[in-house]
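Fold and geometry: a report
So the chains spell out like this:
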Amino acid sequence: MKKVALITGITGQDGTYLAELLSDKGYSVIGVTRDVKAAGGKLSFLKFELTLVEWDFLSQDAIVEIVRQYRPSEVYNLAAFSTGSGMFDNPVEIAEVNGIAVTKLLEAIRTVDDKVRFCQASSREIFGEALTSPQSELTSAQPRSPYGAAKLYADSMIRIYRERYNVFACSAILFNHESPRRGEGFVTKKITHTAAKIKLGLTNELLLGNLDTARDWGFAGDTVNAMWLMLQHNQPDDYIVSTGKTHTVRQFCEYAFGYLGLNYQDYVREDVSSYRPSETAILVGDASKVKSRLNWSPKVNFNELVQMMVDADIQSLLEKNIR
Ligand code: NAP
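Treat the numbers as computed from the prediction; the structure is a model and nothing was measured.

Basis of the calculations
Residues numbered from 1 in each chain as written. Predicted model: local features only at pLDDT ≥ 70, side-chain atom pairs only at ≥ 80, totals over all residues. Heavy atoms only, no water. Domains from an automatic or database assignment. Near = heavy atom within 4 Å. Polar contact = N/O pair within 3.5 Å; in protein donor to acceptor, adjacent residues only side chain to side chain. Helix = DSSP H or I, 4+ residues; strand = E, 2+ residues; numbered from the N terminus. Nonpolar A, V, L, I, M, F, W, Y, C, P; charged D, E, K, R; others polar. Buried < 20%, exposed > 50% of the residue type's maximum accessible area, 1.4 Å probe, protein only. Pairing = 2+ DSSP bridges. Right-handed = clockwise from strand over helix to strand, strands pointing away. Axes fitted to C-alpha atoms, helices over the stretch in contact; angles between N-to-C directions. Contact = heavy atoms within 4.5 Å. Core = buried A, V, L, I, M, F, W, Y, C linked by side-chain atoms within 4.5 Å. Arc of directions from axis to C-beta. Salt bridge = Lys/Arg side-chain N within 4 Å of Asp/Glu carboxyl O.

A closer look at the domain arrangement of the chain
- Each domain of the chain was delimited in the assignment, giving domain 1 (4–177 + 219–241) and domain 2 (183–216 + 245–283 + 301–322).
- When each unit is reduced to the centre of its C-alpha atoms, the spacing between domain 1 and domain 2 is 28 Å.

As for the site of the ligand
- Taken together, 25 residues are adjacent to the ligand, and T11, D14, T33, S82 and Y147 come closest.
- Measuring from an oxygen atom of the ligand, one finds a backbone N or O atom of A80 at 3.2 Å.
- Going through the elements one at a time, α1 (13–24), α4 (91–112), β5 (117–123) and α5 (146–165) are the ones with two or more residues in the shell around the ligand.
- Sorting elements by how many residues they give to the shell around the ligand places β5 first, with three residues.
- A class-by-class count of the residues in the shell around the ligand yields ten nonpolar, ten polar and five charged.

A few points about the pairing of strand β2 (residues 28–33)
- Within β2, five of the six residues are buried, which leaves the element mostly enclosed by the surrounding structure.
- In the sheet, strand β1 (residues 4–8) pairs with β2 via five bridges, with the strands oriented parallel. Paired with T8 across the two strands is V32, which belongs to β2.
- For the crossover that starts at β1, traverses α1 and ends in the parallel β2, the hand is right-handed.
- In this sheet, strand β3 (residues 51–54) lies alongside β2 in parallel orientation, the contact comprising four bridges. Bridging from a neighbouring strand, V32 pairs with V53 of β3.
- Once the chain exits β2 it traverses helix α2 (residues 36–42) before rejoining the sheet at β3, and the crossover so formed is right-handed.

Some remarks on the sheet that holds strand β11 (residues 239–241)
- Taken in spatial order, the seven strands of this open sheet run β3-β2-β1-β4-β5-β6-β11, and their pairing is parallel. Since the sheet does not close on itself, it has two edges, and those belong to β3 and β11, each with one partner. Each adjacent strand pair in this sheet contributes to an overall mean axis angle of 25°, direction not counted.
- Where β5 meets strand β6 (residues 169–174), six bridges bridge the pair, whose relative direction is parallel. Bridge pairing in β6 places Q120 opposite S171.
- Sheet strands in contact with α1 are β1, β2, β4 (74–77) and β6, and its direction is about 175° off that of β1.

Overview of the environment of Y239
- Here Y239 is to be found in strand β11.
- C-alpha of Y239 to C-alpha of V290: the two residues are 51 residues apart in sequence and 5.9 Å apart in space.
- Apart from residues lying up to four places away in sequence, Y239 is in contact with E137, S171, A172, I173, M230, H233, K289, V290, R293 and L294.
- Polar contacts involving the side chain of Y239 include one to the side chain of R293, which spans 3.5 Å.

Focus: the nonpolar core
- Judged by nonpolar contacts, the single largest core of 62 residues is most densely connected at I7, L22, Y76, I191, M230 and F257.
- Per-element accounting of this core gives the leading share, eight residues, to helix α7 (residues 220–232).
- Both of domain 1 (4–177 + 219–241) and domain 2 (183–216 + 245–283 + 301–322) provide at least three residues apiece to this core.
- Residue contacts for I191: discarding those within four places in its chain leaves L206, L208, V249, F252, C253, A256 and F257.
- Membership of the second largest hydrophobic core comes to 29 residues, among which are A101, L106, V112 and V116.

Looking at helix α8 (residues 249–259)
- Three or more residues of α8 are buried, namely V249, F252, C253, A256 and F257. Projected onto a plane normal to the axis of α8, the buried residues spread over an arc of 115° and lie on a single side.
- Of the residues trailing α8, G261 is marked for its positive phi of about 75°.

What about the pattern of salt bridges?
- This structure, assessed with the given rule, holds 15 salt bridges.
- Linking R144 and E129 is a salt bridge whose minimum nitrogen-to-oxygen distance equals 3.5 Å. Of this pair, R144 sits in the loop between β5 and α5 while E129 sits in the loop between β5 and α5, and the two are 15 residues apart along the sequence.
- Each member of the salt-bridge network shares a partner with another, and the members are D237, K289 and R293.

A short note on the side chain of H177
- Within the fold, H177 resides in strand β7 (residues 177–178).
- Polar side-chain contacts of H177 include one of 2.6 Å to the side chain of D14.
- In this structure the side chain of H177 is engaged in a polar contact, spanning 2.8 Å, whose partner is the backbone oxygen of F175.
- The contacts of H177, once residues within four sequence positions are left out, are Q13, D14, R182, G218, F219, A220 and T223.

This is the structure we're talking about:
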């Protein structure tokens, strides 16, 4: 019989990569979303059968019912309020979605079938301004945003359900990961999309915040593979998932524009007024545990990632202009 996996936040960047990965591995995939109709449209590019289910993440009963009805053997919680700049604007909603909903999912698993394995998409934002670098699973967490605080609460509940109720629950502490499917609000997408537009003569300027901000950027396809590996191990645990390398926004621009035969300095302007509040110190993950224990390693490097994103943006702009 086919294994059943349930993915919340199915319409997001990671949801689609994870759904593809699980479908390729022979799972039957249940995508959980806030809006089935909208999700159907967004996911029409997926080339396999996917069951979509609507959820109300505020309702414990509704979540229990979904787990009871679909009887997954694995649950991946990717749903989150996750826009970069919106982090400080919606603290209550962020707490509900990124924090309390995780407890509701854990509670549903505990009551319906405590053998269900659970993987949570946690975030490097739990570290806030970390005092030590690189950050590992042992680094002390001091979030500096409502998003990070809610993710940390969820991580604590995962540990509690693991220890107290023996639920197979893992936190994947994810550093930034990108892809052609990255949401428009994120800096990497803004760079590749605008560079592609400039190349095609559709615009001539890109306004960005601090160009010297450094990030540990990986590929979303590699990241979701690590999450799957976590649920295949014989022991549940928490893992940092990162490349262990940082690049600055400037380097990202330099490479993206250079790939298109352009000099970023001719087009990119730094806008000090759009610096993010509480900009964190350089964050870089130490992924040695996931590498050694789960034999995971990223397959796509920084240059390949940028190229992939630029190529996809050029392609989609050309298709739009042709129509
Ligand atoms: P994403 O593209 O923003 O997708 C998240 C999904 O969550 C959305 O498609 C949406 O699905 C659902 N969602 C969004 N806002 C919501 C809200 N207010 N209430 C309930 N559901 C909401 O995120 P992603 O990049 O795929 O990331 C997946 C997970 O990894 C998230 O939990 C994120 O916090 C975590 N993470 C990501 C990164 C990264 O660099 N990408 C880094 C660290 C951690 P529906 O509309 O279908 O409901």
